[in-house]
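Understanding the architecture of this molecule
As a plain string of letters, each chain reads:
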Amino acid sequence: MFPQSRMRRLRMHPQLREMVRETSLSPKDFILPLFVRHGVNQQIPISSMPGQFQWTVDRLPEILADITATEIPAVILFGIPEQKDALGSDAYCSHGIVQQAVRAIREHAPDLMVITDVCLCEFTDHGHCGVVNESTGRVDVDNDATLELLVKEAVSHAQAGADMIAPSGMMDGMIAALRGGLDANSFSHIPIMSYAAKYASAFYGPFRDAAESAPQFGDRRTYQMDPANGNEALREVQLDVEEGADLLMVKPALSYLDIIRRVKDAHPNIPLAAYNVSGEYAMVKSAAAAGWIDEQRITLEILTSMKRAGADIILTYHALDAAKWLG
Ligand code: PBG
């Protein structure tokens, strides 16, 4: 009770403030998303994501040098192929854009961990995350037909040299199918980071510009989760754990800190990632550019809040800036 108890005593000395700090943030926590596109000698700015670019494979060494100068341990790749088709065939082609990028990173930054996003939406001409069944009148992605393609994609990424795969399509049975497919192809050592609770979110808007993957009709609400649901996220996560996910992910992060906390409490022993998505990044960048907020302080506060909520790992477009600020 006051006056015996004075909370401010712990806040007076800067060294003591640091000693009692409960949450730490380090560049080692970050995974940087990278967009790789077909073509030659291009670094195309993504207008809705200032500071982020689509890179052609030959230009990747520039950004790789920036990354390896920090302690950021990993990147996650998204590909923009030259040709899209109904079945997203570039996604599982041995010389597809992601496969080329994986090989280039292996060569130019051998110590950097390469994670690949396993999904079809960047590769399909309709922009949905799987095989679309035209007959029903609603956006009906054929779950089981999609699983077969996702297995081909994951195996193809592993063959190119990916260190970990991260399936983001929100198909049922996806983790079991991918685990089985990887194991059957001598990739039992390749871990799976599951986008276990992924919401149908407006926060992905800028990403869809960046990856040129906006759905051409309808939306993703028949496979991604309803933002109103929390209990359902725990069921999704539970299934992925049972199917063999090695790491879990909640996405988006900032409006879903409660979900991050609940998943961590339910599965304290499984590493948890949070995806600080494109719309979250764009909001910070635009307000900072207008001079309305302090970009550095806001960014570090946001990233710290994700760790405090329970994330062990953060996928973030702020990774290079935050690594610089964290010194
Ligand atoms: C692919 C995928 C998306 C994101 C990551 N993987 C887009 C989507 O589901 O529409 C979004 C990432 C971001 O917004 O930063 N399915």
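Coordinates for the structure precede this section.
First, a word on scope: everything that follows refers to the structure included in this document. Nothing here was measured: the structure is a model prediction, and the numbers come from that model.

Residues in contact with the ligand amount to 20 residues; listed here are only the nearest, Lys198, Arg208, Lys251, Ser278 and Tyr317. In the environment of the ligand, an oxygen atom lies 2.9 Å from a nitrogen or oxygen atom belonging to the side chain of Arg220. A distance of 2.7 Å separates an oxygen atom of the ligand from a polar atom in the side chain of Ser278. Going through the elements one at a time, strand E9 (193–198) and helix H7 (205–210) are the ones with two or more residues in the shell around the ligand. Taken together, the residues of the shell around the ligand break down into 11 nonpolar, 3 polar and 6 charged.

Let us now look at the pairing of strand E5 (residues 113–118). Within E5, 5 of the 6 residues are buried, which leaves the element mostly enclosed by the surrounding structure. Note: strand E4 (residues 74–80) against E5, 4 bridges, orientation parallel. Each bridged residue has a counterpart across the sheet, and for Ile76 the counterpart in E5 is Ile115. On the question of chirality, the crossover connecting E4 to the parallel E5 by way of helix H4 (residues 97–108) is right-handed. As defined by bridge partners, E5 adjoins strand E8 (residues 164–167) across 4 bridges and the pair is classed as parallel.

Taken together, the side chains of Met7, Leu10, Met19 and Val20 make up a nonpolar region of the molecular surface, amounting to roughly 410 Å² of accessible area. Following the sequence through the fold, Met19 ends up in helix H2 (residues 14–19). You can call Met19 exposed: its relative accessible area is 65%.

Turning to the packing of aromatic side chains, a few remarks are in order. By the definition in use, this model includes 9 aromatic pairs. Aromatic pair Phe35 and Tyr317: ring centres 6.2 Å apart, planes at 5°, arrangement stacked. You can see Phe35 sitting in strand E1 (residues 30–37) and its partner Tyr317 sitting in the loop between strand E12 (313–316) and helix H12 (319–326), a full 282 residues away along the chain. Here Phe35 and Tyr317 have matching classes, each one buried.

For helix H10 (residues 278–289), with 12 residues, the first-to-last C-alpha span of 16 Å sits near the 16 Å given by 1.5 Å per residue. Taking burial as the measure, the 12 residues of H10 include 9 buried ones, the bulk of the element. Within H10, the full set of buried residues consists of Ser278, Gly279, Glu280, Tyr281, Ala282, Val284, Lys285, Ala287 and Ala288. Along its buried surface, H10 packs onto H7, strand E11 (272–276), helix H11 (295–309) and H12. Positive backbone phi, approximately 80°, marks Gly291, located one or two places after H10.

The element E9 is extensively covered by neighbouring structure, given that 6 of its 6 residues are classed as buried. Across 4 bridges, the pairing between E9 and strand E10 (residues 247–251) is parallel. Bridge pairing in E10 places Ser194 opposite Leu248.

Further remarks concern a positive patch on the surface. Taken together, the side chains of Arg6, Arg8, Arg9 and Arg11 define a basic patch exposed on the protein surface. Mapped onto the fold, Arg8 is located in the segment before helix H1 (9–12).

Moving on: the nonpolar core. Leu34, Leu60, Ile67, Leu77, Ile105 and Leu182 are the most contacted members of the largest nonpolar core, which has 82 residues in total. For this core, the element with the highest residue contribution is helix H5 (residues 143–160), accounting for 8 residues. In contact with Ile105, other than residues within four places in its own chain, are Leu60, Leu64, Val75, Leu77, Pro110, Leu112 and Val114. Ranked by size, the runner-up nonpolar core spans 26 residues in total, among them Ala166, Tyr204, Ala211 and Tyr281.

A word on the packing of H5 against helix H6 (residues 174–184). The N-to-C vectors of H5 and H6 enclose an angle of 45°; their axes lie 9 Å apart at closest approach. When the interaxial angle is binned, H5 and H6 end up oblique. Of the two elements, H5 crosses H6, and the hand of that crossing is right-handed. Here Leu147, Leu150, Val151, Ala154, Val155 and Ala158 of H5 lie close against H6, whose contacting residues are Met174, Ala177, Leu178, Gly181 and Leu182.

This part is about unusual backbone geometry. A cis geometry characterises the amide bond from Phe2 onward to Pro3, with omega recorded as 10°. Summarising the element assignment, Pro3 is placed in the segment before H1. Here the residue pair Lys251 and Pro252 is connected by a cis peptide bond, since its omega of -10° sits within 30 degrees of zero. Phi angles above zero are rare outside glycine, and Asn41 is one such case at about 55°. Within the secondary structure layout, Asn41 lies in the loop between E1 and strand E2 (43–45). Although it is not a glycine, Met170 sits at a positive phi angle of roughly 60°.

Rules behind the numbers
Each chain has its residues counted from 1, running along the sequence as written. The model is predicted, so local features are restricted to residues of pLDDT at least 70 and side-chain atom pairs to those at 80 or more, both for listing and for counting; the totals for chains, interfaces and linings are taken over all residues. Only hydrogens and water are set aside; all other atoms, that is, all heavy atoms of the structure, feed into the side-chain values. For each residue, the test is whether any non-hydrogen atom lies within 4 Å of the molecule or strand; if one does, the residue is near. Counted as a polar contact is a pair of N or O atoms within 3.5 Å, where, for protein atoms, one must be capable of donating a hydrogen and the other of accepting one, and residues adjacent in sequence contribute only when both atoms are in side chains. Every helix listed is a DSSP run of H or I at least four residues long, and every strand listed is a run of E at least two residues long, numbered separately from the N terminus. Gly is put with the polar residues, along with every residue not named as nonpolar or charged; the nonpolar set is Ala, Val, Leu, Ile, Met, Phe, Trp, Tyr, Cys and Pro, and the charged set is Asp, Glu, Lys and Arg. The classification of residues rests on relative accessible area computed with a 1.4 Å probe and restricted to protein chains. Under 20% of the type maximum is buried, over 50% is exposed, and intermediate values are partly exposed. Strands pair, by our definition, only if DSSP identifies at least two bridges between them. Classification remark: right-handed applies to a crossover when, strands pointing away from the viewer, the course from the first strand over the helix to the second runs clockwise. Residues qualify for a patch when their relative accessible area is over 30% and they have no salt bridge, like charges being joined within 9 Å and the nonpolar side chains of Val, Leu, Ile, Met, Phe, Trp and Tyr within 5 Å. Values of accessible area rely on a 1.4 Å probe in the Shrake-Rupley scheme; residue burial ignores everything except the protein chains shown. The working definition used for a salt bridge is a side-chain nitrogen of Lys or Arg within 4 Å of a carboxyl oxygen of Asp or Glu. Here a pair means two rings of Phe, Tyr or Trp (six-membered ring of Trp) with centres within 6.5 Å. Their orientation is stacked below 30 degrees between planes, edge-to-face above 60, and tilted elsewhere. Helix span, expected: 1.5 Å multiplied by one less than the number of residues in the helix. The contact rule is simple, with two residues in contact once any of their heavy atoms fall within 4.5 Å. Counting rule applied: Lys, Arg positive; Asp, Glu negative; His and chain ends not counted. By convention, the point assigned to a charge is CZ for Arg, NZ for Lys, CD for Glu and CG for Asp. Put simply, buried Ala, Val, Leu, Ile, Met, Phe, Trp, Tyr and Cys residues joined by side-chain atoms within 4.5 Å make one nonpolar core. Axis definition: a line fitted to C-alpha atoms, over the contacting stretch in the case of helices. Angles run 0 to 180 degrees between N-to-C directions. In this scheme, roughly parallel covers angles under 35 degrees and roughly antiparallel covers those over 145, while 65 to 115 is roughly perpendicular and the rest are oblique. In this scheme, a crossing is called left-handed if the near helix is turned counterclockwise away from the far one by less than a right angle; it is called right-handed if the turn is clockwise.

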